[in-house]
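Residue strings, one per chain:
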Amino acid sequence: MPTPGQREALARAFGCARVVFNDGLRVRQEAHLAGMPYISDTDLQKLVITAARRTAERAWLAEVSSVVLVQALRDLHVAYRNFFSSVTGVRKGPAVAPPCFRSKRDARQSIRFTADGFTLRPDGKLYVAKVGELEVRWSRPLPSPPTSVTVTVDAAGHYWASFVVDTEPEPLPEQEAETGIDFGLAHFAVLSDGRTVDTPRFLRQAERKLKRLQRALSRCEKGSTNRSKARKRLARQHARVADRRRDWHHKESTRIIRENQAVFVEDLAVSGTGRTRPGKSTYDAGRSQFVRMLEYKAAKHGRTFGRTGRSDPTAQVCSVCGAKDGPELSPVRHWTCTACDTVHDRDVNAARNILAAGRADRLNASWSAGRTGRCSGAAR
């Protein structure tokens, strides 16, 4: 909760970090177009920070902590490393685009301080170099001394401090139960034991108010003070929706991790589903965030977590006899297996197949299966 003077100092630091990042990116792009070799990290830092602060055009860079500027260049170095690793095939997953320029109109601005740039006071205040002592509303005590802190401002004008600390595992008592989870649209999730988790639909509930705030924003003149106020009102409402969704995800994921020794989910293709007709409902549910919470909480509390292949026909295979005769159309919610005459609920059957595939992969793979790897469909 910075004071007005501290807000100005933080805004100055956000701007200087953004300028240094853009200057470094521009220098490397010009060197590449001129056919020059790749500029090393040390030479780039001397050029856009050390030498730039001595010029009249960039003399105001000395008004902020040098730690902020160095960390901004480090972000640029990491962005280039990720791009080169993706191009050469070392980095797996989706292709990583080359670094792009940062804009002062971005909804979020952030700066990072290492141990030399901040101090925690005994009275709970956070001292930041060339900003001052910030009043902090702590959400929880820090488990260990922090190594770095990132100060972020969002579109609603809220300031956040995120610390990097070392933590120890917190194993929970072992449980007998294991579960497989199938995600859908009618229900947020269906567990292999038949329990269902309804979708809260946080965005749908707030849609009426969001539309009203959006219309009020569009009627304001661009560049006016009233437009700035309307933009913040709309951003605060979006932040409330995101906070409610995140809070619900934390509670549900913690409950599932506490009740089950092993959790297996289906690998999701959210980016593809988001381009279809139910795309708004898909993003409103936030399943990718929920799965990430399950994964890191399982590692933290000594549980097993695994993913099954997204191409496995879990909803079409009978979980009793293994025959594949289920309907391919998702509107068909119940079907009868022609081999064993078992009546299946489509989602519950898929959750049971996910659990069976996860168990088979965990028992037949190495010790790290389910913790660091991926589950794949197993023959029955």
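Here's a quick rundown of the structure.

Analysis parameters
- Residues numbered from 1 in each chain as written.
- Predicted model: local features only at pLDDT ≥ 70, side-chain atom pairs only at ≥ 80, totals over all residues.
- Heavy atoms only, no water.
- Axes fitted to C-alpha atoms, helices over the stretch in contact; angles between N-to-C directions.
- Helix = DSSP H or I, 4+ residues; strand = E, 2+ residues; numbered from the N terminus.
- Parallel < 35°, antiparallel > 145°, perpendicular 65-115°, else oblique.
- Contact = heavy atoms within 4.5 Å.
- Buried < 20%, exposed > 50% of the residue type's maximum accessible area, 1.4 Å probe, protein only.
- Pairing = 2+ DSSP bridges.
- Core = buried A, V, L, I, M, F, W, Y, C linked by side-chain atoms within 4.5 Å.
- Salt bridge = Lys/Arg side-chain N within 4 Å of Asp/Glu carboxyl O.
- Phe/Tyr/Trp six-rings, centres within 6.5 Å; stacked < 30°, edge-to-face > 60°.
- Lys NZ or Arg CZ within 6 Å of the ring centre and 35° of its normal.

What to know about the packing of helix α4 (residues 202-219) against helix α5 (residues 225-259)
In step 1: At a minimum axis distance of 9 Å, the contact between α4 and α5 shows a crossing angle of 170°. When the axis of α4 is compared with that of α5, the two are roughly antiparallel. Between α4 and α5, the residues in contact are Phe202, Leu203, Gln205, Ala206, Lys209, Leu210, Leu213, Gln214, Leu217 and Ser218 and Arg227, Ala230, Arg231, Arg233, Leu234, Gln237, His238, Val241, Arg244, Arg245 and Trp248, respectively.

Brief notes about the pairing of strand β10 (residues 262-266)
In step 1: Of all 5 residues making up β10, 5 are buried, and the element is well covered by its neighbours.
In step 2: Side chains of β10 alternate between two faces, with Ala262, Phe264 and Glu266 and Val263 and Val265 buried alike.
In step 3: Pairing analysis gives 4 bridges linking strand β7 (residues 178-183) to β10, with the strands arranged parallel. Its bridge partner being in β10, Gly180 is matched across the sheet by Phe264.

Focus on the nonpolar core
In step 1: By size, the foremost hydrophobic cluster in this structure holds 35 residues, and its most contacted members are Ile111 and Phe113.
In step 2: For Phe113, the contacting residues outside a window of four places in its chain are Ser65, Val67, Val68, Phe118, Val128, Ala129, Ser148, Val149 and Val151.
In step 3: Formed by 27 residues, the second largest nonpolar core is a distinct cluster that contains Ile181, Phe202, Leu217 and Cys220.

What about the pattern of salt bridges?
In step 1: Under the defined criterion, the tally for this structure stands at 21 salt bridges.
In step 2: Between Glu63 and Arg12 there is a salt bridge, with the nearest N and O atoms lying 3.5 Å from each other. In this pair, Glu63 sits in the loop between α2 (41-50) and α3 (66-88) while Arg12 sits in helix α1 (residues 4-33), placing the two residues 51 residues apart along the sequence.
In step 3: Take Arg12: its relative accessible area is 34%, and that puts it in the partly exposed class.
In step 4: In this structure, Arg359 engages Glu178 in a salt bridge whose closest nitrogen and oxygen atoms are separated by 2.8 Å. Here Arg359 is found in helix α9 (residues 346-364), whereas its partner Glu178 is found in strand β7, with 181 residues between them in sequence.

Focus on the packing of aromatic side chains
In step 1: Under the definition given, this model contains 11 aromatic pairs.
In step 2: Seen from their ring centres, Trp138 and Phe163 are 5.5 Å apart, and the 20° between their planes marks the pair as stacked. Of this pair, Trp138 sits in the loop between β4 (132-134) and β5 (148-153) while Phe163 is found in strand β6 (residues 159-164), placing the two residues 25 residues apart along the sequence.
In step 3: Classification of Trp138 by relative accessible area gives partly exposed; the value is 34%.
In step 4: A centroid spacing of 5.0 Å and a plane angle of 85° characterise the contact between Phe188 and Phe290, whose relative ring orientation is edge-to-face. Here Phe290 lies in helix α8 (residues 287-300) and Phe188 lies in the loop between β7 and β8 (189-191), a separation of 102 residues in the sequence. Taken as a pair, Phe188 and Phe290 share a single burial class, namely buried.
In step 5: Pairwise contacts between aromatic rings join Phe183, Phe188, Phe202, Trp248 and Phe290 into one cluster.
In step 6: A cation over an aromatic ring shows up here: Arg102 above the ring of Phe21, its NZ or CZ 4.0 Å from the ring centre.

Coordinates in, geometry out; function isn't part of it.
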